[in-house]
Amino acid sequence: MLASQSQGTLRPGFKPFTQASHCTVQPAAVGRRKQAAVRCAAAHTDAPSSSDASSSRRQALLAAAGAALVPAAVSLLPQLAAAQPAAASAAVAEAAPPGFKALYDPTLAYKFMYPVQGASGQQLTMTLTRPPEKYSSAAPLSADARQRIVGELFDLRKFVTASVTVGPASGVLKDLPQAEWRPREVALTVLVDRSTARLSSGQRTALNDVVQAHTEDRNGQTYYLYEHTSQGSPTVANPKAETYRHALAVTTTRPGLDGQPYLYTLNMSCPQSMWADMADGFKAAVDSFVLVAPTNAYTAPDKNPWLFF
């Protein structure tokens, strides 16, 4: 009854829908002639909805904008690399042999040199992405915030990195006298503290393979040198799903205010495809890494460890 009355009382000029969905029929207000108010959520099927059309236009515009922005972003990389030279912040640039630059950080009292070209003569643009800073304000490498990046240089095009990290001795090293530390144990402890991977038991594990490790004595100070490889993420230069990185690192120790040893590590890393070109420069870099005598600018890692400024 309701359907027949609603069909017989269509207003002049009203165009019926060819298809409707989600229609609800509600009785008209009391006191008015019996009729139904039909509300439909669908529009005519013989023409596309305005929302679909506008969505398609938006997608086309976004695709065009993305295609235009990618070349522009790539062209800006040299300017970004030059925007923050490696001599910025409290770090001090020092004299270095050809093909290298040197960096001295008085805050944590260390220095090293790093390559600015490969053995083939290929130039690197090493940008100071993390200016040297004190331990308490440095970026943590994991959730427990033990090991932190206190300085980092990065080539934005070739994905070559030179990073300095500091953290307290942990794992097996924590319970052993330093005279009993073994190079491979030191390497694995540092790499595990850098890792966020965990076993099902919740224990962290290193996603690195230590190729070799040994110790050197430099003016009575023990330095642990090691070579390691790791699986990396795809990059613009190497978009394959599986990529690998090759690195040389050196770790040494300095006691904190409480006498407990802190590990100072320089890690030089590059894509596996660049290893042959960078290996000699990396070796010179880790050989040059040294802790220097603290000055008045020195801040011990465990001094106000949670003071971020």
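All residue numbers refer to positions counted from 1 along the written sequence of the respective chain. Where totals are concerned, whole chains, interfaces and linings use all residues; where local detail is concerned, this predicted model gives features only for residues with pLDDT of at least 70, and gives and counts side-chain atom pairs only at 80 or more. Only heavy atoms go into the side-chain values, all of them from the structure, while hydrogens and water stay out.

Engineer: Can you walk me through the overall build of the protein in this structure?
Structural biologist: A count of helices and strands for the protein gives five helices and 14 strands. Burial analysis of the protein (309 residues in total) assigns 38% to the buried set. Restricting to contacts in the protein with at least 6 residues of sequence separation, those with at least 24 account for 54%. Where accessible areas are quoted, they stem from the Shrake-Rupley method and a 1.4 Å probe; at the residue level, only the protein chains shown are allowed to cover. Accessible area of the protein: about 17700 Å², with a carbon and sulfur share of 57%. Numbering goes from the N terminus for both helices and strands, where a helix is a DSSP run of H or I of at least four residues and a strand is a run of E of at least two. Residue burial is assigned from relative accessible area. The probe radius is 1.4 Å, only protein chains are included, and a residue is buried under 20% of its type maximum, exposed over 50%, and partly exposed in between. Any two residues whose heavy atoms approach within 4.5 Å are treated as being in contact.

Engineer: Looking at this structure, I do not really get unusual backbone geometry. What am I missing?
Structural biologist: Generally, phi is negative for residues other than glycine and the peptide bonds are trans, each holding for most cases. A positive phi angle, near 60°, is found at A109, a position not held by glycine. Looking at the secondary structure, you find A109 in the loop between β4 (100-105) and β5 (110-115). Positive phi, close to 55°, is recorded for N219, a residue that is not glycine. Positionally, N219 belongs in the loop between β10 (208-218) and β11 (221-232). For N219, a relative accessible area of 83% puts it in the exposed group.

Engineer: Would you mind going over the confidence of the model for the protein with me for this structure?
Structural biologist: Caution applies to low-pLDDT parts of the model: their predicted coordinates are not meant to be read in detail. As a per-residue measure, pLDDT tells how confident the predictor is, with possible values from 0 to 100. The pLDDT averaged across the protein works out to 74; a share of 58% of its residues lies at or above 70. Confidence drops under pLDDT 50 across residues 69-88; counting only partners more than four residues distant or on other chains, this segment forms 21 contacts. Every residue in residues 197-206 is under pLDDT 50, and counting partners more than four places away or in other chains gives 19 contacts.

Engineer: Would you mind going over the nonpolar core with me for this structure?
Structural biologist: Proteins that are soluble and globular tend to have nonpolar side chains buried together. Take the buried residues of types Ala, Val, Leu, Ile, Met, Phe, Trp, Tyr and Cys, join any two whose side-chain atoms come within 4.5 Å, and each joined set is a nonpolar core. In terms of nonpolar packing, the biggest core is built from 40 residues, with F112 and F289 touching the most fellow members. Per element, the largest residue contribution to this core is six residues, and it comes from helix α5 (residues 275-288). Residues in contact with F112, not counting those within four places in the same chain, are K101, A102, L103, L153, V164, L266, A285, S288 and F289. Membership of the second largest hydrophobic core comes to 12 residues, among which are L173, W181, Y224 and A249.

Engineer: For this particular structure, what's the right way to read the pairing of strand β9 (residues 161-168)?
Structural biologist: Every other side chain in a regular strand lies on the same face of the sheet, so the side chains alternate between the two faces. Burial analysis of β9 places seven of its eight residues in the buried class, the great majority of the element. Whether two strands pair comes down to DSSP finding at least two bridges between them. For strand β8 (residues 148-155) and β9, the ladder comprises six bridges, and the chain directions are antiparallel. Bridge assignment links L153 to a residue of β9, and that residue is A162. Hairpin connection from β8 to β9: five residues lie between these consecutive antiparallel strands, with F159 at a positive phi of about 60°.

Engineer: Sorry if this is basic, but what is going on with the environment of R254 here?
Structural biologist: Mapped onto the secondary structure, R254 falls in strand β12 (residues 243-255). For R254, a relative accessible area of 10% translates into the label buried. With near-sequence residues (within four places) excluded, R254 lies in contact with L108, A109, Q260, P261, Y262, Y264, L291, V292, P294 and Y298. Any pair of N or O atoms that falls within 3.5 Å is considered a polar contact. Within protein, one atom must be able to donate a hydrogen and the other to accept it, and sequence-neighbouring residues count only if both atoms are side-chain atoms. Looking at R254, its side chain comes within polar contact range of the main-chain oxygen of A109, at 3.3 Å.

Engineer: Even after reading the chapter, I still don't get the side chain of H246, so can you show me in this structure?
Structural biologist: Of note, H246 is situated in strand β12. Overall, the relative accessible area of 8% leaves H246 in the buried class. Within polar-contact distance, the side chain of H246 engages the side chain of E227 at 2.5 Å.

Engineer: Help me understand the pattern of salt bridges in this model?
Structural biologist: When the charged atoms of two side chains with opposite charge come close together, those side chains can pair. A pair is scored as a salt bridge if a Lys or Arg side-chain nitrogen falls within 4 Å of a carboxyl oxygen belonging to Asp or Glu. With the rule as written, the count across this model stands at four salt bridges. Here R218 and D287 are joined by a salt bridge, their closest N and O atoms 3.7 Å apart. Here R218, found in strand β10, pairs with D287, found in helix α5; they are 69 residues apart in sequence, far enough to count as distant. Overall, R218 belongs to the buried group, its relative accessible area being 14%. Among the residues examined, D287 registers a relative accessible area of 32% and is labelled partly exposed. Look at the salt bridges and you will find they share partners, linking E216, R218, K283 and D287 into a network.

Engineer: Help me understand the packing of aromatic side chains, please; the structure alone is not making it clear to me.
Structural biologist: Between rings of Phe, Tyr and Trp, where Trp is taken as its six-membered ring, a pair exists when centres lie within 6.5 Å; planes separated by under 30 degrees are stacked, by over 60 edge-to-face, and by other angles tilted. Counted according to the given criterion, the structure contains seven aromatic pairs. Centroid distance W181 to Y224: 6.3 Å. Interplanar angle 45°. Geometry classified as tilted. Here W181 is found in the loop between β9 and α4 (183-194), whereas its partner Y224 is found in strand β11, with 43 residues between them in sequence. Classification of W181 as buried rests on a relative accessible area of 5%. Through pairs of rings, three or more aromatic residues link up here, namely Y110, F112, Y114 and F289. Over the face of the ring belonging to Y223 we find R218, whose NZ or CZ atom lies 4.6 Å from the ring centre. The criterion for a charge sitting over a ring is simple: Lys NZ or Arg CZ within 6 Å of the ring centre, and within 35 degrees of the ring normal.

Engineer: Got a minute to help me understand the side chain of R254 in this structure?
Structural biologist: For the purpose of counting charges, residues Lys and Arg are taken to be positive, whereas Asp and Glu are taken to be negative. His and the chain ends are not included. Nearest to the buried, unbridged R254 among oppositely charged side chains is D105, at 8.4 Å. Looking at R254, its side chain comes within polar contact range of the main-chain oxygen of L108, at 2.8 Å. Only 2.7 Å separates the side chain of R254 from the backbone oxygen of V292, close enough to count as a polar contact.

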